[in-house]
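Read off the chains here:
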Amino acid sequence: MNISVLMGKTLTEIKNKDNEELLFFVSDGEVYRMYHEQDCCESVMVEEIIGNLDDLLHSEILMAEEVTNEGESEWASQTWTFYKLATVRGYVTIRWLGESNGFYSESVDFELCSPDEVNDGSL
């Protein structure tokens, strides 16, 4: 799923779970999860958040886009994924860095969570 689904929505809360997962709570009750399912020989985490996540709350999302760039690292391969979000209150870039030996995914997943996942506390 592309982060552009947040366009026009209003976020009520954002939870950062140790820079390994972000949860986006929407005013209509939806919850979106940004994460990477870690595997052997790789590391994918939030490297940096530029701006204040609170600026994204309680105002309509006016921009939601993903930009990626790939390169080489000491491990072999790395991928930067930038998520750019904005409201009238401010602009935030969430930068993920994925590194691996080149045989594993370094991408970030963005998905709509089921109500059961949210209600049972597994998120």
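Rules and cut-offs
- Residues numbered from 1 in each chain as written.
- Predicted model: local features only at pLDDT ≥ 70, side-chain atom pairs only at ≥ 80, totals over all residues.
- Heavy atoms only, no water.
- Pairing = 2+ DSSP bridges.
- Helix = DSSP H or I, 4+ residues; strand = E, 2+ residues; numbered from the N terminus.
- Axes fitted to C-alpha atoms, helices over the stretch in contact; angles between N-to-C directions.
- Contact = heavy atoms within 4.5 Å.
- Buried < 20%, exposed > 50% of the residue type's maximum accessible area, 1.4 Å probe, protein only.
- Salt bridge = Lys/Arg side-chain N within 4 Å of Asp/Glu carboxyl O.
- Polar contact = N/O pair within 3.5 Å; in protein donor to acceptor, adjacent residues only side chain to side chain.
- Core = buried A, V, L, I, M, F, W, Y, C linked by side-chain atoms within 4.5 Å.

A word on the sheet that holds strand β7 (residues 90-100)
Now for step 1: Across the sheet, which stays open at both edges, the four strands sit in the order β4-β7-β6-β5 with antiparallel pairing between neighbours. This sheet does not close on itself; its edge strands, each paired only once, are β4 (42-50) and β5 (63-71). Looking at each pair of strands side by side, their axes are set apart by 15° on average, direction ignored.
Now for step 2: As paired elements, β5 and strand β6 (residues 77-87) share nine bridges and run antiparallel to each other.

Notes on the sheet that holds strand β2 (residues 21-26)
Now for step 1: Ordered in space as β1-β2-β3-β8, the four strands form an open sheet in which the pairing is antiparallel. A strand with exactly one partner marks an edge of an open sheet, and here the two such strands are β1 (11-17) and β8 (109-112). Across the sheet, the axes of successive neighbouring strands diverge by a mean angle of 15°, strand direction being ignored.
Now for step 2: Relative to strand β3 (residues 31-35), β2 runs antiparallel, the two sharing five bridges. Bridge assignment links Leu22 to a residue of β3, and that residue is Met34.

Looking at the environment of Leu85
Now for step 1: Following the sequence through the fold, Leu85 ends up in strand β6.
Now for step 2: Leaving out residues up to four positions away in the same chain, Leu85 has contacts with Ile3, Leu6, Phe24, Leu56, Met63, Ala64, Gly90, Tyr91, Val92 and Ile94.

Examining the pairing of β6
Now for step 1: When you tally the buried positions in β6, you get eight out of 11 residues, the bulk of the element.
Now for step 2: The sheet contact formed by β6 and β7 spans 11 bridges and is antiparallel. Counted as the bridge partner of Leu85 is Val92 from β7.
Now for step 3: What sits between β6 and β7 in their antiparallel hairpin is a turn of two residues.

Overview of the pattern of salt bridges
Think of it this way: side chains of opposite charge can pair up when their charged atoms draw near.
Now for step 1: In this structure the tally under the stated criterion is six salt bridges.
Now for step 2: In this structure, Asp28 engages Lys9 in a salt bridge whose closest nitrogen and oxygen atoms are separated by 3.5 Å. One end of the pair, Asp28, is in the loop between β2 and β3; the other, Lys9, is in the segment before β1, and 19 residues separate them in sequence.
Now for step 3: A network of salt bridges, in which partner residues are shared, links Lys17, Glu21, Arg33 and Glu111.

Points about the side chain of Thr87
Now for step 1: Mapped onto the secondary structure, Thr87 falls in strand β6.
Now for step 2: Given a relative accessible area of 7%, Thr87 falls into the buried group.
Now for step 3: A distance of 3.0 Å separates a polar atom in the side chain of Thr87 from the backbone nitrogen of Arg89.
Now for step 4: Those residues in contact with Thr87 that sit more than four places away from it in its chain are Asp55, Leu56, Ser59, Glu60, Ile61 and Leu62.

Quick notes on the side chain of Ser59
Now for step 1: Within the secondary structure, Ser59 is located in the loop between β4 and β5.
Now for step 2: When neighbours within four sequence positions are excluded, Ser59 is seen to be in contact with Lys9, Thr10, Leu11, Thr87, Val88 and Arg89.

Thoughts on the nonpolar core
Now for step 1: Among the nonpolar cores identified, the biggest contains 23 residues, and Leu6, Leu11, Phe24, Met34 and Ile94 are the most heavily contacted of them.
Now for step 2: For this core, the secondary-structure elements that each account for two or more residues are β1, β2, β3, β4, β6 and β7.
Now for step 3: With sequence-adjacent residues up to four places away left out, Ile94 is seen in contact with Leu22, Phe24, Val46, Glu48, Ile49, Leu53, Thr81, Phe82, Tyr83 and Leu85.

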